Amino acid sequence: MLTAASFRYRLVGVALSAACLVFGGCGSGAGGTGRKPLVVATTTQIGDLVRAVGGDRVAVHQILAANTDPHEYEPRPDDVRATTGARVVLVNGDNLDSWISKIVAQAGRHPRVVDLGTVVPVRLPGESSGKGASRVDPHWWHDPRNVVVAVERIRAELARADPSGAQQFARNASAYLAKLRTLDRGIARCIATVPAARRKLVTSHDAFAYLAHRYGLTVVGAIIPSQTTQAAPSAGDIAALVKQLRRERVSAIFLESSINPKLTRAVARETGALGNLTLYGDTLGSAGSRGATYLAMEA
């Protein structure tokens, strides 16, 4: 049975569900549908944002499927074919989806590529070395203020690809921006119910610095002590983390939906922390799940 404190952590876990659901499918084929411009989105989050702004005026080819780890993705022929017919390719940037450069090169048509990571206002330091490391933390979408700016850029790019749909894109974007601001306020209110000294976050990997920065959380540690899931923790890393969690009296470790939970659950058992709370870090969840859209993943 959960204690009152654990229940607060479960509530925060829902609010933190920082990370990731998708509307399932990847949109239409490489040529789009009718006269709809085809837009390629690398990640589940970006695909969801494009659908929210574009509505039925655009065809979306989303490269990553729900619950797919972007750090481990290998491009498919379908992605190359879709990119060949795309008007615009929207990417996350900061080395999270660096494989898109290979897809664009193989497509050969030179579509317009827009790196949303370069336009968001809040930028946090990344890792300076290691495989897949970036000088900037790539998980910028965990701060809704960044998503506000990303949506504004998506609206502008869709209007450029389909000028006749500019008014519809503007209406859709305006409605979605209102939801984002409501989301931001709601998360802040939820976390405010947890005493400041207990706002401690431990997750499967180091993907939530933006969330912590925005809402005053302390990231105590991560099972994979890296911003990429391709890193592997050593026995020493795990032993040190266990000691730290005991010292900090951490009550819960949050499992990420796209990462094998075995090691995280083992650490939870070792420390006595809750280990059955799931959040979305790098990807949205499948259709119908709690993290099927960006708004649902973070709410």
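Preceding block: the structure.
Residues numbered from 1 in each chain as written. Predicted model: local features only at pLDDT ≥ 70, side-chain atom pairs only at ≥ 80, totals over all residues. Heavy atoms only, no water.

### Concerning the overall build of the chain
Here comes step 1: Along the chain, the regular secondary structure elements total 10 helices and eight strands.
Here comes step 2: For the chain, the residues scored as buried account for 53% of the 299 residues in total.
Here comes step 3: Total accessible area on the chain is roughly 12800 Å²; 52% of this is exposed by carbon and sulfur atoms. (Helix = DSSP H or I, 4+ residues; strand = E, 2+ residues; numbered from the N terminus. Buried < 20%, exposed > 50% of the residue type's maximum accessible area, 1.4 Å probe, protein only. Areas by Shrake-Rupley, 256 points an atom, 1.4 Å probe, with all protein chains shown as cover.)

### What about unusual backbone geometry?
Here comes step 1: Residue His110 is not a glycine yet carries a positive backbone phi of 60°.
Here comes step 2: Tracing the sequence through the fold places His110 in the loop between α4 (100–107) and β4 (112–115).

### Considering the sheet that holds strand β3 (residues 88–91)
Here comes step 1: One open sheet holds the four strands; their spatial order is β2-β1-β3-β4, and the pairing between them is parallel. Two strands lie at the open edges of the sheet, namely β2 (59–62) and β4, each paired on one side alone. Strand-to-strand, the axes of this sheet are offset by a mean angle of 20°, without reference to chain direction.
Here comes step 2: Note that β3 and β4 share four bridges and pair parallel. Directly across from Val89, in β4, lies its bridge partner Val113. (Pairing = 2+ DSSP bridges. Axes fitted to C-alpha atoms, helices over the stretch in contact; angles between N-to-C directions.)

### Here's the deal with the nonpolar core
Here comes step 1: Leu90, Val151, Leu180 and Tyr294 are the most contacted members of the largest nonpolar core, which has 50 residues in total.
Here comes step 2: Per-element accounting of this core gives the leading share, eight residues, to helix α6 (residues 166–192).
Here comes step 3: By size, the runner-up hydrophobic cluster in this structure holds 14 residues, among which are Ala82, Ala86, Val91 and Trp99. (Core = buried A, V, L, I, M, F, W, Y, C linked by side-chain atoms within 4.5 Å.)

### Considerations on the pattern of salt bridges
Here comes step 1: Following the criterion strictly, the structure yields 10 salt bridges and no others.
Here comes step 2: Across the pair Asp94 and Arg123 runs a salt bridge whose closest N-O atoms are separated by 2.8 Å. You can see Asp94 sitting in the loop between β3 and α4 and its partner Arg123 sitting in the loop between β4 and α5 (144–161), a full 29 residues away along the chain.
Here comes step 3: Taking the shortest distance from any N to any O, the salt bridge between Arg145 and Asp143 comes out at 2.7 Å.
Here comes step 4: Beyond isolated ion pairs, a larger network of salt bridges with shared partners links Arg112, Arg153 and Glu157. (Salt bridge = Lys/Arg side-chain N within 4 Å of Asp/Glu carboxyl O.)

### Describing helix α9 (residues 262–271)
Here comes step 1: Among the residues of α9, those classed as buried are Thr264, Val267, Ala268 and Thr271. Buried residues of α9 fall within an arc of 105° about the axis and therefore sit on the same side. Exposed residues pointing more than 90 degrees away from the buried face of α9 are listed as Lys262 and Arg269.
Here comes step 2: One or two residues past the end of α9 sits Gly272, with phi positive at roughly 80°. (Arc of directions from axis to C-beta.)

Keep in mind that these numbers describe shape and distance, not what the molecule does.
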